[in-house]
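These are the residues of each chain, in order.
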Amino acid sequence: MSKSPTFVMKRYLFLTTTLLSLFFFGCEKEVITPQSNDAPELTLSTEGHIRPTVQCGSSSYTTFKNGTTPYGSVEILNNSEQLFILTDMNNGWLLESVKIFAGNTVNLPKGFGGTIELEEFPFQMIHPRRVDKYTYTLPVASLPTCFGVTIWAKAAQVNMFGQVTNRVDLWANGAAVLNGFSFQYCKGSCFMNNNSNQSDI
């Protein structure tokens with residue numbers, strides 16, 4: 001026995017509403033914390049980037065690239081305690097995972113073939129839900145005044161159903177080091193910031 005058009009339409013509307021609810025509620029962002037106690041502290045901003053109340057010096061900028069194509073921007077800054085790495089992706093690209101090394105580039109982990117050993121990077125983060133903006137913070141006290149920052153990332157584009165349509169490996173642009181790149185950063189002086197409003201008179 002065939003079903004009436006009204007019954008079919010009600011069933012269609014119910015299924016459509018259910019799928020839309022799953023899509024929207026399933027895409028909510030959440031705070032993700034490291035699983036290991038000895039991992040650097042990191043925080044996800046659900047409403048834009050996280051910045052220190054008092055910034056020491058000026059920010060430095062670079063881009064995420066694959067070849068000559070830019071896929072996003074990277075801003076690096078610091079306060080007296082932490083190094084802040086703010087990432088912002090372009091054109092619908094989303095970060096799936098990030099690996100970061102900060103320090104003297106001669107200490108970059110290397111494999112037997114003389115290439116960068118990404119799996120040995122001290123900071124590694126996987127984003128299960130993918131993110132377009134993220135702020136990573138690392139302790140700054142143990143870092144020298146000037147040092148290299150090497151950032152590798154995997155990014156993806158997805159369609160309206162959450163299916164991956166494209167995926168790419170990225171490096172934060174900088175000077176070529178082995179098979180990757182390293183961006184030079186010098187810590188801003190917190191002493192100068194703290195005295196910037198004082199008169200010499």
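The numbers attached to residues start from 1 for each chain and follow its sequence in the written order. pLDDT decides what is reported in this predicted model: residues at 70 or higher carry local features, side-chain atom pairs at 80 or more are listed and counted, and totals for whole chains, interfaces and linings draw on all residues regardless. Values reported for side chains reflect all heavy atoms of the structure, with hydrogen atoms and water molecules removed beforehand.

## A few points about the nonpolar core
Right, so step 1: To define a nonpolar core, start from buried Ala, Val, Leu, Ile, Met, Phe, Trp, Tyr and Cys residues and group those joined through side-chain atoms within 4.5 Å. Each residue is assigned to one of three classes by its accessible area relative to the maximum for its type, calculated with a 1.4 Å probe on protein chains only: buried under 20%, partly exposed between the two thresholds, exposed over 50%. Of all hydrophobic cores here, the largest spans 33 residues; its most connected members are F64, I85, Y136 and I151.
Right, so step 2: I85 has contacts with V74, E75, I76, I100, Y134, T135, Y136, L138, V149 and I151, leaving out every residue within four places of it along the chain.
Right, so step 3: With 8 residues, the next largest nonpolar core counts L108, L118, F121 and W152 among its residues. Any two residues having at least one pair of non-hydrogen atoms within 4.5 Å are treated as being in contact.

## Here's the deal with the environment of D88
Right, so step 1: In this description a helix means any DSSP run of H or I spanning at least four residues, a strand means any run of E spanning at least two, and both kinds are numbered starting from the N terminus. Position of D88 relative to the elements: it lies in strand β4 (residues 82-89).
Right, so step 2: D88 sits in the partly exposed class, given a relative accessible area of 23%.
Right, so step 3: Once the C-alpha coordinates of D88 and V74 are considered, the two residues, 14 residues apart in sequence, prove to be 6.6 Å apart.
Right, so step 4: Residues in contact with D88, not counting those within four places in the same chain, are H49, G72, S73, D132 and K133.

## Some thoughts on the confidence of the model for the protein
Right, so step 1: Per-residue confidence from the predictor is reported as pLDDT, which spans 0 to 100. A residue-level look at the protein finds 71% of positions with pLDDT of 70 or above and a mean pLDDT of 80.
Right, so step 2: pLDDT under 50 marks residues 7-47. Its contacts with residues more than four places away, or in other chains, come to 40 contacts.
Right, so step 3: Below pLDDT 50 for its whole length, residues 195-201 participates in 0 contacts with residues either more than four positions away or in separate chains.

## Let's talk about the state of the cysteines
Right, so step 1: Any two cysteine sulfur atoms within 2.5 Å of one another count as a disulfide. Under the counting rule described, the total for this entry stands at 2 disulfides.
Right, so step 2: Each sulfur in the disulfide pair C56 and C190 lies 1.9 Å from the other. In this structure, the disulfide formed by C56 and C190 twists by about 100 degrees around the S-S bond and is classed as right-handed. Note that C56 is positioned in strand β2 (residues 56-66) and C190 in helix α2 (residues 190-194), a separation of 134 residues in sequence.
Right, so step 3: Owing to a relative accessible area of 3%, C56 belongs among the buried residues under this scheme.
Right, so step 4: C190 gets classed as buried once you look at its relative accessible area, which sits at 19%.
Right, so step 5: At a sulfur-sulfur separation of 1.9 Å, the disulfide partner of C146 is C186. On the S-S bond that ties C146 to C186, the torsion sits near 110 degrees, and the link is right-handed. Here C146 is found in strand β8 (residues 146-158), whereas its partner C186 is found in strand β11 (residues 180-186), with 40 residues between them in sequence.
Right, so step 6: Relative accessible area serves as the criterion here: at 35%, C146 is assigned to the partly exposed category.
Right, so step 7: Exposure remark for C186: the relative accessible area of 39% places this residue in the partly exposed category.

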